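Each chain is listed here by its residues.
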Amino acid sequence: MSRSDVVIIGSGPGGAAAAFSLSRAGFNVTLLEAGPRYRPEQDYRLDRADWEVRRFPHKRSIRRRHTHAGLQALDTKWDTLRSWSRAQGRLIKGTHRAFSQYSHVMGVGGSTLHYAGESHRMHPRAMRLHTDFGVGADWPIRYEDLEQYYSEAERIIGVAGPEADAVRPRSGPFPMPAHAMSYGSQRLGDGCGQLGMSWLPNPVASASRPYDGRPPCNYCGQCARGCPRFDRGTPDLTFIPKALAAGHCRLQTECEVLRLEAGPNDRVSAAIFVDKQGAQHRVSADFFVLACGAVETPRLLLNSASRHAPDGLANESGLVGKNFMETLFFTSSALHPEAMGSYRGLPSDAICWDYNAPDAIEGVIGGARFSPATLEADLSGPLNYAQRIVGGWGEKHHEQMLGMFGHVLSVGAIGENLPNPRSYIDLDPEEKDTHGLAKARIHSHLPDMELKRLEFMAGRCRSILKASGAEEPVEEYGSYDMFNSTHVFGTCKMGASAGDSVVDAQCRSHRWRNLLITDASVFPSSGGGEAPSLTIYANALRACDRLAADLGQQRRVPA
Amino acid sequence: MATSTTHHEVGKISRRVLMRRMGLAALTFWLPARWSLGLASDADPEPSAETLRAFVDTLLPGSDVFPPASALGVDRSVLEAAQSDPGLARLIAAGCQWLDRAARSMGAASFSELSGSGRASIISVAEHSAERSLPWVLFSSVRRFSFQKYYSAPESWGPLAYAGPPQPLGFPGHDRSPKETT
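What you are looking at is a predicted structure, and each value in this text was computed from that prediction instead of being measured.

Looking at the sheet that holds strand S19 (residues 438-443) of chain A
Residues and elements named next belong to chain A. In space, the three strands of this open sheet follow the order S3-S19-S18, with mixed pairing throughout. With one partner strand each, in any of the chains shown, strand S3 (66-68) and strand S18 (424-432) form the two edges of the open sheet. Across the sheet, the axes of successive neighbouring strands diverge by a mean angle of 40 degrees, strand direction being ignored. Relative to S19, S18 runs antiparallel, the two sharing five bridges. Across the sheet, the residue bridging to Asp 426 is Arg 441, located in S19.

Notes on the environment of A:Leu346
Its location among the elements puts A:Leu346 in the loop between strand S14 (328-335) and strand S15 (350-351). Overall, the presence of 29 C-beta atoms within 10 Å leaves A:Leu346 in the buried class.

Focus on helix H7 (residues 293-302) of chain A
Residues spaced three or four apart along an α-helix face the same direction, because each turn holds 3.6 residues. Extensive coverage of H7(A) is indicated by the burial of 10 of its 10 residues. Along H7(A), the residues that are buried comprise A:Gly293, A:Ala294, A:Val295, A:Glu296, A:Thr297, A:Pro298, A:Arg299, A:Leu300, A:Leu301 and A:Leu302.

Focus on the packing of helix H3 (residues 49-59) of chain B against helix H7 (residues 134-151) of chain B
Residues and elements named next belong to chain B. Axis separation between H3 and H7 bottoms out at 10 Å; the angle between their running directions is 70 degrees. In this view, H3 runs roughly perpendicular relative to H7, as classed from their interaxial angle. For the pair H3 and H7, the sense of crossing is right-handed. The segment H3 lies against H7, with Phe 55, Val 56 and Leu 59 engaging Val 142, Arg 143 and Ser 146. Residues belonging to the contact of H3 with H7 are distributed by class as follows: four nonpolar, one polar and one charged.

Points about the interface of chain A and chain B
Chain A puts 35 residues into the contact, and the matching count from chain B is 33 residues. For the side of chain A that touches chain B, the secondary-structure elements that each account for two or more residues are helix H8 (382-390) and helix H9 (394-404) of chain A. Counting residues per element, the side of chain A that touches chain B draws most heavily on H9(A), at five residues. Looking at the side of chain A that touches chain B, its residues break down into 18 nonpolar, 11 polar and six charged.

Digging into the nonpolar core
Nonpolar side chains in soluble globular proteins generally cluster together in the buried interior. In this structure, A:Ile8, A:Ile9, A:Ala19, A:Ala153, A:Phe288, A:Val289 and A:Leu290 are the most contacted members of the largest nonpolar core, which totals 115 residues. When residues in this core are grouped by element, the largest group, nine residues, is from helix H11 (residues 533-556) of chain A. Among all residues touching A:Ile8, those that are not within four sequence positions of it are A:Gly15, A:Ala18, A:Ala19, A:Val29, A:Leu31, A:Leu32, A:Val289 and A:Ala291. Within the second largest apolar cluster, 90 residues are counted, among which are A:Phe330, B:Phe55, B:Ala69 and B:Met106.

Description of the pairing of strand S20 (residues 472-478) of chain A
All names here are of chain A. Among the seven residues that make up S20, five are buried, leaving the element largely enclosed by the rest of the structure. Pairing geometry for strand S4 (residues 84-85) and S20, over two bridges, is antiparallel. Of the residues in S20, the one forming a bridge with Trp 84 is Glu 476. Bridge count for S14 against S20 is six bridges, and the pairing is antiparallel. If you follow Ser 332 over to S20, its bridge partner there is Glu 476.

Remarks on the domain arrangement of chain A
Residues and elements named next belong to chain A. The assigned domain composition of chain A is domain 1 (1-39 + 106-159 + 227-322 + 493-559) and domain 2 (65-105 + 179-202 + 326-487). Taken over C-alpha atoms, the centre of domain 1 sits 29 Å from the centre of domain 2. Contacts between domain 1 and domain 2 engage 33 residues on the former and 35 residues on the latter. Broken down by secondary-structure element, the contributors of at least two residues to the side of domain 1 that touches domain 2 are helix H3 (129-133) and H7. Ranked by residue count, the leading element in the side of domain 1 that touches domain 2 is H7, at six residues. Classifying every residue of the side of domain 1 that touches domain 2 gives 14 nonpolar, 13 polar and six charged.

Things to note about unusual backbone geometry
Cis geometry marks the peptide bond from B:Gly164 to B:Pro165, where omega comes out at 0 degrees. Note that the residue after B:Gln167, namely B:Pro168, is joined by a cis bond; omega there is 15 degrees. By the element assignment, B:Pro168 lies in the loop between H7 and helix H8 (178-181). For A:Asp212, which is not a glycine, the phi torsion comes out positive at approximately 50 degrees. Structurally, A:Asp212 is set in the loop between strand S9 (200-201) and helix H6 (239-245). The class of A:Asp212 is partly exposed, set by 14 C-beta atoms lying within 10 Å. You will see that A:Asn323, though not glycine, has its phi angle at about 60 degrees, which is positive. Mapping A:Asn323 onto the fold places it in the loop between H7 and S14. Given 28 C-beta atoms within a 10 Å radius, A:Asn323 is considered buried.

Rules of the game
Residues numbered from 1 in each chain as written. Chains lettered and ligands numbered in written order. Predicted model: local features only at pLDDT ≥ 70, side-chain atom pairs only at ≥ 80, totals over all residues. Pairing = 2+ DSSP bridges. Helix = DSSP H or I, 4+ residues; strand = E, 2+ residues; numbered from the N terminus. Axes fitted to C-alpha atoms, helices over the stretch in contact; angles between N-to-C directions. Buried ≥ 20, exposed ≤ 12 C-beta atoms within 10 Å, placed from the backbone. Parallel < 35°, antiparallel > 145°, perpendicular 65-115°, else oblique. Left-handed = near helix turned anticlockwise from the far one by under 90°. Contact = placed C-beta atoms within 7 Å. Nonpolar A, V, L, I, M, F, W, Y, C, P; charged D, E, K, R; others polar. Core = buried A, V, L, I, M, F, W, Y, C linked by C-beta atoms within 7 Å. Domains from an automatic or database assignment.

Next up, the structure:
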């Protein structure tokens, strides 16, 4: 058995920032990651001719770790939200919403390894949904509590962004100037201008100039397949090397935690994990930080039920796994008569925040944001155009390829997803993983409020495209008829009261005081489309700053 | 090249007429979900390389700007893949037989001997056949595979003014019209 001051489980944004914060403060940290390390120059082969056939090169499959419950029936009144493509017709053929994927990477850096680098601060008003609008839940902290940590995280990962943000007050400028928008995004900006909508550079953790030893981005647009250039500020290149350099952090990869042991004195005593060779280990610590994402974190807690925690660890409120919030999205693509070369540039290099506030969309509570999405739609090269947009075969196919390739513009919207009782994570009573542990089971339901918001998002996407001159729709897809989530939240909600939350404002379990959770499962609300990674970093830095202060205080007290 | 040889010119023919000539039975025998399991036999025929080449070159023909699929080795890639996939091997072999049989019903000695329009008529029948029937599975599988191989070859990118792959150069002129950067 080994021992550390702190054991951190998961090396995505929440775990990496915690490791950095605590090792910097001088605490011995063991960082356990279930997945392997990725080697950008070897694993992300965007220099190969067949690059487009390959997506992100997952080394461990998340799909074997979760199942899903049946999803809701589709209703013809929402048919305008159905997913379809010009070449393939309706993408979801059945009568019920389909489960596409929970998109999650197991590896050092977590799901940021295939992200576009969007680095957003929460809209301050999206953190007060219950008080101001009577829906969802409030955050027990304010935007102001996060601001200094937002700034620190932006410096560490290297965010390039615009100068001003009237809604989200900043204590300083972004570390790097914003990237130039791609040609296609500029045309979408023209369309937004015609509609009276703003269109600003999107803050991204991608270098616009040499930064902290990283080269600037060269706009290949394939962030989702993994960046081989080291220019994107993922935790494996930023927080984790800095944590290791501090000399107090030990990273152990391919070590999967099976359960946490609860002691009789309301303290977690150890983590039990298996290594790559299958050997089982037990590591004890003063503190445990859990950061596995809003599906795996509740799964681990529920699988850690014991006589001291019969309903699952930290589940005294019964809320572990509840309040599951998913990625509510809609993407629309249309042909522009002019060649755009729209496969070039940073994904989501621009953003419209006009409808991001919780009351910005008439008739619903909860906002949304709009961005270019050609690259998220993966209209990235000739093969995707051939299969999904052009279709057909023979001479006509070739003629249409000449007329369409690089002409598609896409706009994507991501919106608030309010919690509801039918969206939650529990343990599948039937399905076990290779270790005999119950898999997580994802339950998802979209009530009418979500579908109305989605309807607004779809309408705006189409309007932007049309105003930009892209008038022939070729593909649309969204959350209405398929579950497809990368950003997930809420399953270990943070709150002031032990009765209606899992962790307190310092991300510590109300009962198990040496257990912290620092991933997006603690988010009480999703925000109006903000990408969560920057808030995860900032919140983890904040919680661990406080933990380090408390631990330091204890160490200074004479025995 | 085989795809341009037209020993047996057959004019354009409607799908309905073609189906009648070939006999509906040949088009509608249903296969199980895993197609390959349905054709196991002790004497699987060898796929006709000529027929397969003509097939992929009809799906992705040569033109003033585009090379034909066979020039990029697409047909050879299919055969190579079939060597390590018995199910695919059986599909290709049976599919080539079906294509040749369809061509004979139109008066040609084989699929590769047909004119371009004749081959296109047969492929159109396959495309619109019942899902999971041999012709439909053949069309869907070989088309998907051929597209992947064809558009993974840089020779197919030139006509599209695509300056890939994405790395190592990226797209430094991303903020300007492609007309200015190509």
